[in-house]
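The residues making up each chain are set out below.
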Amino acid sequence: MITHVYALKELRRRKYRTTINIAGFVIVVATLVALVTTARGWEAATAEPLKEIGTDIIMIYSAPVVPSGTGCYIANYLFTFPFNQTDIAEIAKVDGVDHAVPVLMHRMGAVVFTGIDPCETETNAVLPSNVVEGRYLTSDDGAVALVDCEYAKLNNLTIGSEVRYMKGVYDVVGLVDVDAANILPSHIYVNLPVCQKSLPGDNTGLVNLALLSVSDPRKVDAISEELKNQFAGSTPIAASDLAAKTSDIIVIGEETAWNISIALAVVAVLFTVRSQLAAVSERTREIGILKAIGWSKSNVVSQIFIESALQGAIGGLVGCAVGYGFAWYLLSNMGGLVDVDPIVLAAGFGVALISGVAAGLYPSWRAARLTPADALRTV
Amino acid sequence: MKSGEEVRAVDDMDLMVPEGEFLTVIGASGSGKTTLLNLLGGLDKPTVGKVVVGGVEVSGLGEAELVRFRREKVGFVFQSFNLIPTLTAAENVEAALAPTGMAKAERLERSRSLLESVGLKDKGARLPVELSAGEQQRVAIARAFANQPKVLLLDEPTGNLDTATGKDIMKLCHENSKKQGQTVVAVTHADYVKEFTDRLLYMRDGKVSSAAPEEEL
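Model, not experiment: these values are computed from the prediction.

Novice: Teacher, can you tell me more about the interface of chain B and chain A here?
Specialist: Often, the extent of an interface is quoted as the loss of accessible area on bringing the components together. At the junction of the two partners, chain B supplies 24 residues and chain A supplies 23 residues. Here chain B packs against chain A, burying approximately 2100 Å² in sum over the two surfaces, 62% of which is carbon and sulfur. Its largest share of buried area at the contact with chain A, chain B owes to Leu43, Ile84 and Thr86 of chain B, together 23% of the area lost on that side. Here Lys9 of chain A ties to Glu91 of chain B by a salt bridge, and the two come within 2.6 Å at their closest N and O atoms. Remark: the boundary between chain B and chain A carries seven residue pairs in polar contact (both at pLDDT 80 or more). Those elements that provide at least two residues to the side of chain B that touches chain A are α2 (63-72) and α3 (89-97) of chain B. For the side of chain B that touches chain A, the residue count by class is eleven nonpolar, five polar and eight charged.

Written out as structure tokens, the structure is:
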């Protein structure tokens, strides 16, 4: 058939209308690709530092569960109350949880003091791999500390220096660089029992944070739900949740991105249907000629269909490029990770193509119904 | 044939056109000429009576058979050329071949040779708007001949042309149809068409007669 040649020429003939239709599809696809890519990029950027310390979920208590101990703001407005260290073993038993690691954090002014169990070397607030100078902690260590290298630089601390926190004095044995400090800011790390003893109040056997790794990261939401059910007052926070909780940037979820795009697609389809109906009406005589020279209803239908689908396909391709470009611009400025997901691009293109085809259904049916004699009588 | 409530565009007509004949029907505007061609070409159906072309009762054909009939058995040439404005001359001819399922290479070759046969060998890539009125009608003739139809229906083929060009067009139709043994029914009100016809009929108020009406005489 020459329908695709004819379709392209017809689209070129109606430049203004074609541009408007294609622009509609571009907006749909660009919105979808930009929102989904941005949401994923931001989520990945948030999850990346946590993954570096082997953490999929941070579990805190948003309400008091024990009468004493030290709570802490772990991020801007996110306060965690203390809970029994023995709960950690129970948390580790929840289906899907691989590791559960106790952490006690305390903040005084801008400085955060963190107690860790140095035996946990796969999931922890700081890992041996984060040590850039000196050594990691051992379970036998007493008044010794690891210090964040930025904090050490600001305070002229080196290996062998003494670092003070409240009334405690600790020998610096290692300098560490932890990306996760962007999310879980900490400056001084000591052994958990040392931390528990040095903080004000009775913190014996208490922690205020559990870092969890899961066996299947795709099940993070289900595991979080299960944790919430089993441990009353607890708040399991996945990486993506943390992004929303710790930043002022509004993060649009992937589901919302899809919903917005589908709503826009419906509007684009309606506009294109209207536009294609007008095109069919203008071309009534042409359709009559084609029928007079032997085109069947299905030939006419495919002609109008191809025109709609072509507009959708062009809009889809341009929309993918525009959406990806926009996501790249946003994430570059927000510090997110830009990742091209062929599935998102294919989905965006598919939405445009399906919308284009859907927009051609009614107009092509109208065109096919025309009798050749009536169509030819049209001036 | 009823058109609307009361008007009978073609009324009480009993017309037989032998195979290979070039018949010309002359009549004024509104006399029913185009309706007659639409009936013969399967574009319209009579409310009463029947139309038989090449032994096939056209008026009784279903949609699919009618499409095949229009595609294979008849070729139309219209007064206003009726070319698709966005397609080139060659593509306009190809448009008639496309629904037959013919391979692209064969279609291209056939449209090239058809354009050559109407004297437009080098104008296949031109758009209708880039051609003169006479050339556009030649493209329309090439398109009408594309599927080697048994019947050629000419609806005022010279209506938009000057006399010299009109005569050229009629000569072209006449020669090609005789070469291919086609039956031609031409409706017109151009007097010079008489030169190219085997039989002349006059049409008035939906009726045909072999005698010219008084005003024609």
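Resuming the write-up.
Novice: Explain the pairing of strand β8 (residues 183-188) of chain B to me, please; I cannot follow it from the model alone.
Specialist: Along a regular strand, successive side chains alternate from one face of the sheet to the other. Residue and element names in this part refer to chain B. With respect to burial, β8 is a largely interior element, six of its six residues being buried. Where burial is concerned, the two faces of β8 agree: the one with Thr183, Val185 and Val187 and the one with Val184, Ala186 and Thr188 are both buried. Bridge count between strand β7 (residues 151-155) and β8: five bridges; the pairing is parallel. Bridging from a neighbouring strand, Asp155 pairs with Val187 of β8. On the question of chirality, the crossover connecting β7 to the parallel β8 by way of helix α6 (residues 163-180) is right-handed.

Novice: I tried to follow α6 of chain B on my own but got confused; where do I start?
Specialist: An α-helical turn contains 3.6 residues, so any two residues separated by three or four positions project in the same direction. Residues and elements named next belong to chain B. Across its 18 residues, α6 extends 26 Å between first and last C-alpha, which sits within 8% of the 26 Å expected from 1.5 Å per residue. Of all the positions in α6, only Gly166, Ile169, Met170, Leu172, Cys173, Asn176 and Ser177 are classed as buried. Take α6 and look down its axis: the buried residues cluster within an arc of 155°, on one side only. Opposite its buried face, α6 presents the exposed residues Ala164 and Lys179, each directed more than 90 degrees away. In the core, the buried residues of α6 are packed alongside β3 (22-27), α4 (104-117), α5 (133-145), β7 and β8. Between the side-chain oxygen at the start of α6 and the backbone nitrogen of Ala164 there is a gap of 3.2 Å, and the oxygen is on Asp162. Phi turns positive, to about 65°, at Gly181, one or two residues after α6.

What counts as what
- Residues numbered from 1 in each chain as written.
- Chains lettered and ligands numbered in written order.
- Predicted model: local features only at pLDDT ≥ 70, side-chain atom pairs only at ≥ 80, totals over all residues.
- Heavy atoms only, no water.
- Contact = heavy atoms within 4.5 Å.
- Buried area = accessible area lost by both parts, 1.4 Å probe.
- Salt bridge = Lys/Arg side-chain N within 4 Å of Asp/Glu carboxyl O.
- Polar contact = N/O pair within 3.5 Å; in protein donor to acceptor, adjacent residues only side chain to side chain.
- Helix = DSSP H or I, 4+ residues; strand = E, 2+ residues; numbered from the N terminus.
- Nonpolar A, V, L, I, M, F, W, Y, C, P; charged D, E, K, R; others polar.
- Buried < 20%, exposed > 50% of the residue type's maximum accessible area, 1.4 Å probe, protein only.
- Pairing = 2+ DSSP bridges.
- Right-handed = clockwise from strand over helix to strand, strands pointing away.
- Expected span 1.5 Å × (residues − 1).
- Arc of directions from axis to C-beta.

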